[in-house]
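# Chain and residue survey
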Amino acid sequence: MEDILFNYFPSAANIIWIILKIIAIVIPLMISVAYLTYFERKVIGYMQGRIGPNRVGYFGLLQPIADALKLMFKEIILPTKSNKFLFFLAPILTIAPAFAAWAVIPFDIGLVLADVNAGLLYILAMTSIAVYGVIIAGWASNSKYAFLGSLRSAAQIVSYEIAMGFSLVGVLMCANSLNLSQIVLGQSGGLSQWYIWPLFPLFIIYFISAVAETNRAPFDVAEGESEIVAGFHVEYSGMAFAVFFLAEYANMILVSMLAALMFLGGWLSPVEFIPDGAPWLFVKVGFLLFFFLWFRATFPRYRYDQIMRLGWKVFIPITLFWIVFIGIMMQTPYQGMFH
Amino acid sequence: MAEIKNYTMNFGPQHPAAHGVLRLVLEMDGEVIQRVDPHIGLLHRATEKLAENRTYLQSVPYMDRLDYVSMMMNEHAFVMTIEKMLDINVPIRAQYIRVMFDEITRVLNHLLWLGAHALDVGAMTVFLYAFREREDLFDCYEAVSGARMHAAYYRPGGVYRDLPETMPKFETTHKKNIKQVNKLNNNRQGSLLDFISDFTTRFPGYIDEYETLLTDNRIWKQRTVGIGVVSPERAIALGMTGPMLRGSGIEWDLRRKQPYEVYEQMKFDIPIGKEGDCYDRYLVRIEEMRESNKIIKQCIDWLRINPGPVISINNKIAPPSREEMKGDMEAMIHHFKLFTEGFHLPEGEAYAAVEHPKGEFGTYIISDGANKPYRLKIRAPGFPHLAALNEMTQGHMLSDLVAIIGTQDIVFGEIDR
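What counts and what doesn't
- Residues numbered from 1 in each chain as written.
- Chains lettered and ligands numbered in written order.
- Predicted model: local features only at pLDDT ≥ 70, side-chain atom pairs only at ≥ 80, totals over all residues.
- Heavy atoms only, no water.
- Contact = heavy atoms within 4.5 Å.
- Buried area = accessible area lost by both parts, 1.4 Å probe.
- Salt bridge = Lys/Arg side-chain N within 4 Å of Asp/Glu carboxyl O.
- Polar contact = N/O pair within 3.5 Å; in protein donor to acceptor, adjacent residues only side chain to side chain.
- Nonpolar A, V, L, I, M, F, W, Y, C, P; charged D, E, K, R; others polar.
- Core = buried A, V, L, I, M, F, W, Y, C linked by side-chain atoms within 4.5 Å.
- Buried < 20%, exposed > 50% of the residue type's maximum accessible area, 1.4 Å probe, protein only.
- Helix = DSSP H or I, 4+ residues; strand = E, 2+ residues; numbered from the N terminus.
- pLDDT = per-residue confidence, 0-100.
- Axes fitted to C-alpha atoms, helices over the stretch in contact; angles between N-to-C directions.
- Parallel < 35°, antiparallel > 145°, perpendicular 65-115°, else oblique.
- Left-handed = near helix turned anticlockwise from the far one by under 90°.
- Pairing = 2+ DSSP bridges.

## Let's talk about the interface of chain A and chain B
Counting from both sides, the interface comprises 27 residues of chain A and, opposite them, 35 residues of chain B. The junction of chain A with chain B conceals about 2600 Å² of combined surface from both sides, 56% of it contributed by carbon and sulfur atoms. In this assembly, chain A and chain B are joined by two salt bridges. Residues Glu31 of chain B and Arg152 of chain A are paired through a salt bridge, measuring 2.5 Å at the closest nitrogen-oxygen approach. Applying the counting criterion to the chain A and chain B interface returns eleven residue pairs in polar contact (both at pLDDT 80 or more). Grouping the amino acids of the side of chain A that touches chain B by side-chain chemistry returns twelve nonpolar, four polar and eleven charged.

Here it is, written out as structure tokens:
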């Protein structure tokens, strides 16, 4: 197909080829987001002694599609005193980075849209932009609940970005590269070579920060169902609301994907006798996503100031200490442990 | 520089943590609460006024709807006041049944409180676990009175009827086959007492499940320890009762201090808190559920071996049996008079209170000798608790306010009446 394209439309071929690749990433991503919501409802349902959705299609498998259809046909209500431009910009600003970050995610050797060398930095930049969507949504709605939610969210995401960034510093020290493919290949050689072992504290902090970063329970103060009702997206309805929802779940998959790539060896097989491949990556991501759901079913919600304390007074010192520790160890004969 | 001012925020009445129709006007400095102004009356149904136009018996079901999560306890206070004014004796078996159902009701109420409180603080699963057990208890209500919530089971002079010998059973549907139904009916083969007895053996394990999720959970502790502290002196001054008072370390329980029915014969402990914060009140209520379980067990043991009448034989107050009516003119007349005119209370006034799951729930009746009260006053425990909300939330954050509303165990049916 590539040959046909390049032979018959040489001028536009490159662009069309890239667009096709983007579609090949975004469509499965959208489907996995939809079925992540289904998976969440089923998993939490069984944890709570319920069944979860089971009416639309077999085992409720068509439920996400029914939900999407319903949301599409709903009216998008624009609050009278809101800023129209910002009000509609916010959901776009939330979902765009959540999808854009996927450009540098490698699914297998060479199976990546843009194999840039500063891939890790690019992802950090993209996930940071997402917070603007939340802030603008809260601000433009001109509602006190939404405003409180966006303030909480802004403070939270900015603080946890630092802890998350520091834990990634540990990874790039080990891998000597910012390129995600290189980072994965640095972990080749079986289960024992994965970065999760030398960087275990950083992995834990990365994962907890990732939960906070995506505004998931127990860090869901920005939404705070029982406190500020729905937080920053309280005034959104219909598809505008669905876009926030999509972004949240796309971000969940993204951060799980990153954790799998950087700490759990990406597409590499844990044992020698089974070949490497993209399915390994999806299994690891699914496993990590399960934790998101498990947390949600188990933990009470933190208070806003407690989240700040945890981020600044616990996570950042630990990550700093571990980075220094790795740095020192790399100068000693034990450096092999840290590659 | 611009002047920084506090802002006002409306909390409720449509709010997931407002426990019904609570409306609060909050004065906030950022996330910190400066002043809380509760607005009530959104669920006002004029129960007290309605009772003035109905016979005493007709008012009993209204009591169910006051605090709609502890139905029989409300009835209990009302029928106790009537019995006090009539000066009649309740058969001992009826007293045991009342105590047993009071404690079942206490467990029902505390389960709902636990679930709702945990949900307010963000832990979803406890809510559904609590509702799983409430389902069994509602089945007990259903077996004994026919209604799952608004039972109208207590009557002046006793209870409506004796405990049934069979439990209602599940039937097969297109979703449930015979195997699933048999599994569900497994503990429903015997009488109601067998079913409750089975529940009391299972229940401590369930409480352990809730405690596993909450008691030692760091986040739960961070959210409740030191939140909404009430000193013992203030708790008394604010008119708090029930777990709110006991959480502050004051051992006050009407079941022990002013025993009614057969509570004197029961062996149970009264848990009290130490710090007077949300966490202590949580522990007190959890412990109360375990104590209630013990009381239910003692009642079951007694009820199994002591048959007898369950309602007064005084036919001026309690209706004669259906069988009697068929052959006896006197009984027929009594029945007719009771369900048309009702009974009259002697002139005077009386107050009787029970240890409601939420505190002291009492009714005060003034009678002018007619078949309906001249005035009925209901003392709802939630009312003074809600009044203390402003004091309890001083200097706390918005999230703590939600936790404090949860810990107060507020139900608007009784506050607005």
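Next comes the rest of the write-up.
## Let's talk about the nonpolar core
Met100, Phe101, Tyr153 and Leu163 of chain B are the most contacted members of the largest nonpolar core, which totals 88 residues. In terms of residues, this core owes the most to one element, helix α4 (residues 92-121) of chain B, which gives 14 residues. If sequence neighbours within four positions are ignored, Leu163 of chain B has contacts with Arg93, Ile97, Met100, Phe101, Val144, Tyr153, Leu192, Leu193 and Leu303 of chain B. By size, the runner-up hydrophobic cluster in this structure holds 79 residues, among which are Ile25, Val221, Leu261 and Leu289 of chain A.

## Focus on the side chain of Asp136 of chain B
Relative to the helices and strands, Asp136 of chain B resides in helix α5 (residues 125-145). Every residue in contact with Asp136 of chain B, bar those within four places of it in the chain, is listed here: Arg188, Phe195, Phe199 and Arg202 of chain B.

## What to know about the confidence of the model for chain B
Chain-level statistics for chain B give a pLDDT mean of 88 and a share of 100% at 70 or above. Here the predicted complex carries an ipTM of 0.83, next to a pTM of 0.88.

## Focus on the packing of helix α6 (residues 144-175) of chain A against helix α12 (residues 304-329) of chain A
Residue and element names in this part refer to chain A. α12 packs onto α6 with a crossing angle of 15° between their chain directions and a minimal axis gap of 9 Å. Accordingly, the angle class assigned to the pair α6 and α12 is roughly parallel. Relative to α12, the crossing made by α6 is left-handed. Partitioned by chemical class, the residues of the contact of α6 with α12 number 17 nonpolar, seven polar and one charged.

## Examining the environment of Gly395 of chain B
Residue and element names in this part refer to chain B. Note on placement: Gly395 falls in the loop between α16 (389-392) and α17 (398-408). Taking relative accessible area as the criterion, Gly395 reaches 53% and is therefore assigned exposed. Between the C-alpha atoms of Gly395 and Asp29, which are 366 residues apart in sequence, the distance is 9.6 Å. Each residue touching Gly395, except ones within four places of it in the same chain, is listed here: Val32 and Ile33.

## Some details on the side chain of Arg255 of chain B
All names here are of chain B. Among the secondary structure elements, Arg255 is positioned in helix α11 (residues 254-257). Separated by 3.3 Å, the side chains of Arg255 and Glu103 make a polar contact. Of note is the side chain of Arg255, whose polar atom sits 2.8 Å from the side chain of Asp253. Discounting residues that sit within four places of it in the chain, Arg255 has contacts with Glu103, Arg106, Tyr260, Tyr263, Phe268, Ile295 and Glu355.

## So, the sheet that holds strand β7 (residues 359-367) of chain B
Residue and element names in this part refer to chain B. Reading across from one edge, β6-β7-β8 is the order of the three strands in this open sheet, with antiparallel pairing throughout. Each having just a single partner strand, β6 (348-356) and β8 (375-379) make up the two edges of the open sheet. With direction set aside, neighbouring strand axes in the sheet form an average angle of 10°. Of the strand pairs in this sheet, β6 and β7 are connected by nine bridges, and their pairing is antiparallel. Bridge assignment links Ala350 to a residue of β7, and that residue is Ile365. Relative to the sheet, helix α3 (residues 71-86) contacts β6, β7 and β8, its axis offset from that of β6 by approximately 150°.

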